[in-house]
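Residue-level structural notes
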Amino acid sequence: MKIIKSTEEMADQIYMNKQELIALNKRRQQNREKWKKTFINEELQTEGEIQILQSDQKIMVNKHRNLEHFSPFSDTNIKLNSWKAKKLMQ
């Protein structure tokens, strides 16, 4: 009888540990998902800000070169689409 009782108690402990592990794994997964969403949102925001600054930089460089009476973007690796270049040249 003592063996059965010990076995049942051990089984109960194993079951409770298993339930706690499941709960902790769920919480860990939720934390990962939250972190991933936050990281992705921050990455997208940063990329957007970089693209805006790069576009502004291209426009400012072109305007600066116009003020100096140089052709836009000669001898540089900066490229501007033809529509924007025409607009800036006006």
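Residues numbered from 1 in each chain as written. Predicted model: local features only at pLDDT ≥ 70, side-chain atom pairs only at ≥ 80, totals over all residues. Heavy atoms only, no water.

Helices and strands together make up the secondary structure of the protein, namely two helices and zero strands. Looking at the protein as a whole, 6% of its 90 residues qualify as buried. (Helix = DSSP H or I, 4+ residues; strand = E, 2+ residues; numbered from the N terminus. Buried < 20%, exposed > 50% of the residue type's maximum accessible area, 1.4 Å probe, protein only.)

Let us now look at a nonpolar patch on the surface. Together, Trp35, Phe39, Ile40 and Leu44 make up an exposed nonpolar region whose accessible area comes to about 460 Å². As for its placement among the helices and strands, leucine 44 is situated in helix 1 (residues 2-67). Residue class for leucine 44 comes out exposed when judged on its relative accessible area of 57%. (Patch = residues over 30% accessible without salt bridge, like charges linked within 9 Å, V, L, I, M, F, W, Y side chains within 5 Å. Areas by Shrake-Rupley, 256 points an atom, 1.4 Å probe, with all protein chains shown as cover. Salt bridge = Lys/Arg side-chain N within 4 Å of Asp/Glu carboxyl O.)

A few words on the packing of aromatic side chains. Taken as a whole and assessed by the stated rule, the structure comprises one aromatic pair. With centroids separated by 5.3 Å and ring planes inclined at 10 degrees, the aromatic side chains of tryptophan 35 and phenylalanine 39 adopt a geometry described as stacked. Placement of the pair is tryptophan 35 and phenylalanine 39 together in helix 1, with a separation of four residues, close to one helical turn. A residue is classified by how much of its surface remains accessible, and phenylalanine 39, at 43% relative accessible area, is partly exposed. (Phe/Tyr/Trp six-rings, centres within 6.5 Å; stacked < 30°, edge-to-face > 60°.)

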